[in-house]
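Chain by chain, the residues run as shown.
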Amino acid sequence: MNFTFYGHACFSVETKGKTILFDPFISPNPKAAAIDIKQLKADFILLSHGHEDHIADAEVIAKNTNATIVSNYEIVTWYQKKGLEKLHPMNLGGSWKFDFGTVKYTTALHSSMLPDGSYGGNPGGFLVKNDEISFYYTGDTALTMDMKLIGETEKLDFAVLPIGDNFTMGINDAIIAADFMKCNKIIGIHYDTFGYIEINHQEAIDKFKAKGKELILLKIGGSVNIKM
Ligand code: NI
Ligand code: MN
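Residues numbered from 1 in each chain as written. Chains lettered and ligands numbered in written order. Predicted model: local features only at pLDDT ≥ 70, side-chain atom pairs only at ≥ 80, totals over all residues. Heavy atoms only, no water.

1. Let's talk about the coordination of the manganese ion (ligand 2)
Perfect tetrahedral coordination of a metal by four donors corresponds to 109.5 degrees between them, and perfect octahedral coordination by six donors corresponds to 90 or 180 degrees.
Right, so step 1: In this structure, Asp-53 (OD), His-54 (NE2), Asp-140 (OD) and His-190 (NE2) serve as the protein donors to the manganese ion (ligand 2), at separations of 2.1 to 2.2 Å.
Right, so step 2: A separation of 3.1 Å is found between the manganese ion (ligand 2) and the nickel ion (ligand 1), which share Asp-140 as a coordinating residue. Of this pair, Asp-53 sits in helix α1 (residues 52-55) while His-190 is found in the loop between β12 (185-189) and α6 (201-210), placing the two residues 137 residues apart along the sequence. (Donors = N, O, S within 2.8 Å, 3.2 Å for Na, K, Ca; no water. Helix = DSSP H or I, 4+ residues; strand = E, 2+ residues; numbered from the N terminus.)

2. Details of the nonpolar core
Right, so step 1: Phe-3, Phe-22, Phe-158, Leu-161 and Met-181 are the most contacted members of the largest nonpolar core, which has 52 residues in total.
Right, so step 2: Among the elements that take part in this core, helix α5 (residues 171-181) stands out by supplying 7 residues, more than any other.
Right, so step 3: Sequence-distant contacts of Phe-3, defined by excluding residues within four places in its chain, comprise Phe-11, Ser-12, Val-13, Phe-158, Val-160, Ile-187, Leu-218, Gly-222, Ser-223 and Val-224.
Right, so step 4: By size, the runner-up hydrophobic cluster in this structure holds 24 residues, among which are Ala-32, Ile-69, Trp-78 and Leu-87. (Core = buried A, V, L, I, M, F, W, Y, C linked by side-chain atoms within 4.5 Å. Buried < 20%, exposed > 50% of the residue type's maximum accessible area, 1.4 Å probe, protein only. Contact = heavy atoms within 4.5 Å.)

3. A few points about the side chain of Ser-134
Right, so step 1: Looking at where Ser-134 falls in the secondary structure, it is placed in strand β10 (residues 134-137).
Right, so step 2: Not counting chain neighbours up to four residues away, the residues in contact with Ser-134 comprise Val-128, Lys-129, Lys-155, Leu-156, Asp-157 and Phe-158.

4. So, the coordination of the nickel ion (ligand 1)
Right, so step 1: Taken together, the protein ligands of the nickel ion (ligand 1) are His-49 (NE2), His-51 (ND1), His-110 (NE2) and Asp-140 (OD), with distances of 2.2 to 2.4 Å.
Right, so step 2: Around the nickel ion (ligand 1), the 4 donor atoms are arranged such that angles at the metal cover 88 to 176°; this shape is classified as irregular.
Right, so step 3: Sequence spacing of the donor residues for the nickel ion (ligand 1), all on one chain, is H-x1-H-x58-H-x29-D.
Right, so step 4: A relative accessible area of 18% places His-51 in the buried class.
Right, so step 5: Looking at His-110, the relative accessible area reads 25%, which means it is partly exposed. (Tetrahedral: all angles 85-135°; square planar, octahedral: opposite > 155°, others 65-115°.)

5. What to know about the packing of aromatic side chains
Right, so step 1: In the structure shown here, the tally under the stated rule is 16 aromatic pairs.
Right, so step 2: When the centroid spacing of 5.1 Å and the interplanar angle of 90° are considered together, the rings of Phe-11 and Tyr-137 count as edge-to-face. With Phe-11 in strand β2 (residues 11-15) and Tyr-137 in strand β10, this pair connects stretches of sequence that are 126 residues apart. For the pair Phe-11 and Tyr-137, a shared accessibility class is recorded, and that class is buried.
Right, so step 3: Taking 4.9 Å as the distance between ring centres and 10° as the angle between the ring planes, the aromatic pair formed by Phe-135 and Phe-158 counts as stacked. Here Phe-135 is found in strand β10, whereas its partner Phe-158 is found in strand β11 (residues 158-162), with 23 residues between them in sequence.
Right, so step 4: Here the aromatic cluster, defined as three or more aromatic residues joined through ring pairs, consists of Phe-3, Phe-11, Phe-22, Tyr-105, Phe-126, Phe-135, Tyr-137 and Phe-158.
Right, so step 5: Residue placement shows Lys-82 over the ring face of Trp-78; its charged tip is 4.4 Å from the ring centre. (Phe/Tyr/Trp six-rings, centres within 6.5 Å; stacked < 30°, edge-to-face > 60°. Lys NZ or Arg CZ within 6 Å of the ring centre and 35° of its normal.)

6. Thoughts on the packing of helix α4 (residues 146-153) against α5
Right, so step 1: Interaxial distance between α4 and α5 falls to 6 Å at its minimum, and their mutual angle equals 35°. In this structure, α4 uses Met-147, Lys-148, Ile-150 and Gly-151 to contact α5, whose residues at the interface are Ala-177, Phe-180 and Met-181.
Right, so step 2: When grouped by side-chain class, the residues that make up the contact of α4 with α5 number 5 nonpolar, 1 polar and 1 charged. (Axes fitted to C-alpha atoms, helices over the stretch in contact; angles between N-to-C directions. Nonpolar A, V, L, I, M, F, W, Y, C, P; charged D, E, K, R; others polar.)

Written out as structure tokens, the structure is:
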């Protein structure tokens, strides 16, 4: 299974012949200037919440690729009003079986307002699983006790966690989150994009390592093949 990082909280996962793109924020991100969104492939675009730094390029990429946008009911309705038609609404705790696997929209402790000030529903994360992979992207969130439920009910191959602090969990809480989820392979996101969320990479990697965990920090545009 191939995982590609596009900067900030944007990444794609290729599984079962489908490309699932998460939280596209590329064209406004100077650090991702080398990525041409016209070249991006997507069959599905999953949006964790309504903040600009998670949805900025979703409409353009959806139109380019004919991908289906999956998000909470309020965000999907917002895109429906913009004239998009390939949409799938969810809400917290709900699962749906797509052709690439099952997606559960999970709780996140954060906020969610759309760029024009519209209500963005409750923020969430995505638990994705099929017969080759199981992973959890928390979205922007604080550390929550709900993450223990994930650890009790799922067997994750990896988790995608925000580690930049200030707006989300920082490194120390992300390590606790990984413990709660019983997951030792973490891909870090939501760091370095803005001054508020700059981190020391080596220190972060070392802190995870000291707890027996692997923190993967990819270069923008970089990929990792996660073996099952
Ligand atoms: Ni946010
Ligand atoms: Mn964010």
